[in-house]
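Reading the structure
The primary structure of each chain is shown beneath.
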Amino acid sequence: DSSGPFINTGFRPSTIFIKSRSSTTNWSFYCDVQKGNAAGNPTDRGLRPSTNETDANLGSSPFDMYANGFRSLTNAAEHNATGVIYTYAAWARSPFDINNRAR
């Protein structure tokens, strides 16, 4: 399925780091301040520190960021392949701001 599971972080992620634990895919960082696509979702661009790509244009948004988490929108091997285990870390811009929490 191209839409992955919803990951509930309890806050709106500003930056997401994700890496497959069971394959040799790239490390990937996604951030809400990078240049966005036509729909305004900035997570169609990623940073890949394990390659020479400094600002990878992925063509379509791999994630939607919500008030309380995120969801992968593609079945890319880097973040949503079938049967693969992933490790992620997410950071909020204002994690303790009362307006940043999901209601």
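Criteria and cut-off values
Residues numbered from 1 in each chain as written. Predicted model: local features only at pLDDT ≥ 70, side-chain atom pairs only at ≥ 80, totals over all residues. Heavy atoms only, no water. Pairing = 2+ DSSP bridges. Helix = DSSP H or I, 4+ residues; strand = E, 2+ residues; numbered from the N terminus. Axes fitted to C-alpha atoms, helices over the stretch in contact; angles between N-to-C directions. Core = buried A, V, L, I, M, F, W, Y, C linked by side-chain atoms within 4.5 Å. Buried < 20%, exposed > 50% of the residue type's maximum accessible area, 1.4 Å probe, protein only. Contact = heavy atoms within 4.5 Å.

Remarks on the sheet that holds strand S6 (residues 63-66)
Within the open sheet, the three strands sit side by side as S1-S7-S6. Their pairing is antiparallel. Lying at the two open borders of the sheet, with one neighbouring strand each, are strand S1 (6-8) and S6. Taken over all neighbouring pairs, the strand axes of this sheet differ in orientation by 20° on average, direction set aside. Of the strand pairs in this sheet, S1 and strand S7 (residues 69-72) are connected by three bridges, and their pairing is antiparallel. Across the sheet, Ile-7 pairs through a bridge with Phe-70, a residue of S7.

With respect to the nonpolar core
In terms of nonpolar packing, the biggest core is built from seven residues, these being Ile-16, Ile-18, Tyr-30, Phe-63, Met-65, Phe-70 and Tyr-86. Secondary structure elements with two or more residues in this core: strand S2 (13-20) and S6.

Things to note about the pairing of S6
Within a regular beta strand, the side chains point alternately toward one face of the sheet and then the other, so they alternate between its two faces. Only one face of S6 is buried: it carries Phe-63 and Met-65, and the other face, with Asp-64 and Tyr-66, is open. Bridge count between S6 and S7: four bridges; the pairing is antiparallel. Across the sheet, Tyr-66 pairs through a bridge with Gly-69, a residue of S7.

Digging into the environment of Pro-13
Within the fold, Pro-13 resides in strand S2. Measuring from C-alpha to C-alpha, the distance between Pro-13 and Arg-93 comes to 7.3 Å, with 80 residues separating the pair along the chain. Residues in contact with Pro-13, not counting those within four places in the same chain, are Asp-32, Met-65, Tyr-66, Gly-69, Phe-70, Ala-90 and Trp-91.

No statement about biological role is implied by the geometric values presented.
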